[in-house]
Amino acid sequence: MEIVEQRLSEQREIVRESQRIVTAHHQTEGAGFVVRRPFPSASLSFVDPFLLLDEMGPIEYQPGQAVGAPDHPHRGFETITYVLDGEIEHEDSAGHRGVVGAGGVQWMTAGAGIVHSEMPSKQVQRDGGRVHGFQVWANLPAGLKMSQPRYQELGPANIPVATTDDGLASVRIIAGEALGVTASINTVTPIVYQDWTLRPGARVQVQVPADHQVVLYVFAGAIEVGASKVSVADGQLSILGDGDWVGFSADQPARVLLLGGVPLREPVARYGPFVMNTEAELQQAFADYRSGRLGEITREARIG
Ligand code: FE2
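Notes on the structure follow. (Residues numbered from 1 in each chain as written. Predicted model: local features only at pLDDT ≥ 70, side-chain atom pairs only at ≥ 80, totals over all residues. Heavy atoms only, no water.)

## Some remarks on the pattern of salt bridges
So, step 1. Tallying each qualifying case throughout the model produces twelve salt bridges.
So, step 2. For Glu29, the salt bridge is made with Arg37, and the minimal N-O distance between the two is 3.2 Å.
So, step 3. Residue Glu29 is classed as partly exposed on the basis of its relative accessible area, which comes to 27%.
So, step 4. Look at Arg37 and you get buried, because its relative accessible area is 7%.
So, step 5. We note a salt bridge from Glu91 to Arg97, for which the minimum N-O separation is 3.0 Å.
So, step 6. For Arg97, a relative accessible area of 44% puts it in the partly exposed group.
So, step 7. Within this structure, Glu29, Arg37 and Asp54 form a network of salt bridges that share partners. (Salt bridge = Lys/Arg side-chain N within 4 Å of Asp/Glu carboxyl O. Buried < 20%, exposed > 50% of the residue type's maximum accessible area, 1.4 Å probe, protein only.)

Next comes the structure, spelled out in structure tokens:
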């Protein structure tokens, strides 16, 4: 039996091809910060299991200009914040508090519900500076939507980096595995999250499990994807087809996010900060929020 399975896996050496390319649109969020958002949009509501991909900035704030997303709730999914430049300060109704700095990740499983704020740090608000990062929303399966909220925060030292043999491509492994290196984050559902930096001439071949849906988002330069070398440029998302390998190359400096996850194939009922399976659950989420059952951020202890 083992030999048969091994032979089967040897036969499946398929490189995923780009099936669809979507250009990010600009969207204003929170208290007025602008994001580049490949989805959701009118033509692409989600890429199962991912519900949203936002590139925040890059923006150069003047002193006193930086804005964020003050207190707001979430239920039914996970928010994954990855900071490239600047600092984001986070507080939530479960008592978590922290500053995510450059190269850091905050992985919040909202589950049954949480109220949080995501703001530029006091220093960025006071002094200004460059802010650049990503927020991804990953859906939770029906059975985990009402789970206990969980919060994981990792500094850059806890995000492993791997490099291709020729040194032309390196990857920060936020979730899952790449080039034989495994991330330290502990995900609720199987998720692959990689941040690639490509130098001219880089060629990447990375294995992603065949049951994952995979997207590539280019946020600097341009790449060519798959054996058919489809060009994907800065601000574009490529949705990949089936296969075992993801392959892309660049003849110029480029940055690419690779996201992969197992599609949930469940109904999605979403409105604003809530993502459930049915309209009734959505109504319940709003009712629970209005009646305070999602909690509130306690700030009494902090004076000054
Ligand atoms: Fe949020």
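Having seen the structure, we can now continue with the description.
## With respect to the side chain of Thr109
So, step 1. Structurally, the position occupied by Thr109 is in strand 9 (residues 105-109).
So, step 2. Engagement of the side chain of Thr109 in a polar contact is seen with the side chain of Glu78, the distance being 2.7 Å.
So, step 3. Setting aside anything within four residues of it in sequence, one finds Thr109 in contact with Phe77, Glu78, Leu140, Pro149, Arg150 and Val188. (Helix = DSSP H or I, 4+ residues; strand = E, 2+ residues; numbered from the N terminus. Polar contact = N/O pair within 3.5 Å; in protein donor to acceptor, adjacent residues only side chain to side chain. Contact = heavy atoms within 4.5 Å.)

## Some thoughts on the environment of Glu78
So, step 1. Within the secondary structure, Glu78 is located in strand 6 (residues 77-85).
So, step 2. For Glu78, a relative accessible area of 0% corresponds to the buried category.
So, step 3. In this structure the C-alpha to C-alpha distance between Glu78 and Val188, which are 110 residues apart in sequence, comes to 9.1 Å.
So, step 4. With residues up to four places along the chain from it excluded, the contact list for Glu78 reads Trp107, Met108, Thr109, Ala110, Val136, Trp137, Ala138, Leu140, Val188, Thr189 and Ile191.

## As for the pairing of strand 22 (residues 236-240)
Each regular strand displays side chains that alternate between the two surfaces of the sheet.
So, step 1. For strand 22, the buried fraction is high: five of the five residues fall into the buried class.
So, step 2. Residues Gln236, Ser238 and Leu240 point to one face of strand 22 and Leu237 and Ile239 to the other, with burial holding for every one of them.
So, step 3. Note that strand 1 (residues 18-23) and strand 22 share five bridges and pair antiparallel. Looking at the pairing, Arg20 lines up with Ile239 of strand 22.
So, step 4. Where strand 19 (residues 213-220) and strand 22 come together, four bridges link them in antiparallel fashion. Bridge pairing links Tyr217 to Leu237 in strand 22. (Pairing = 2+ DSSP bridges.)

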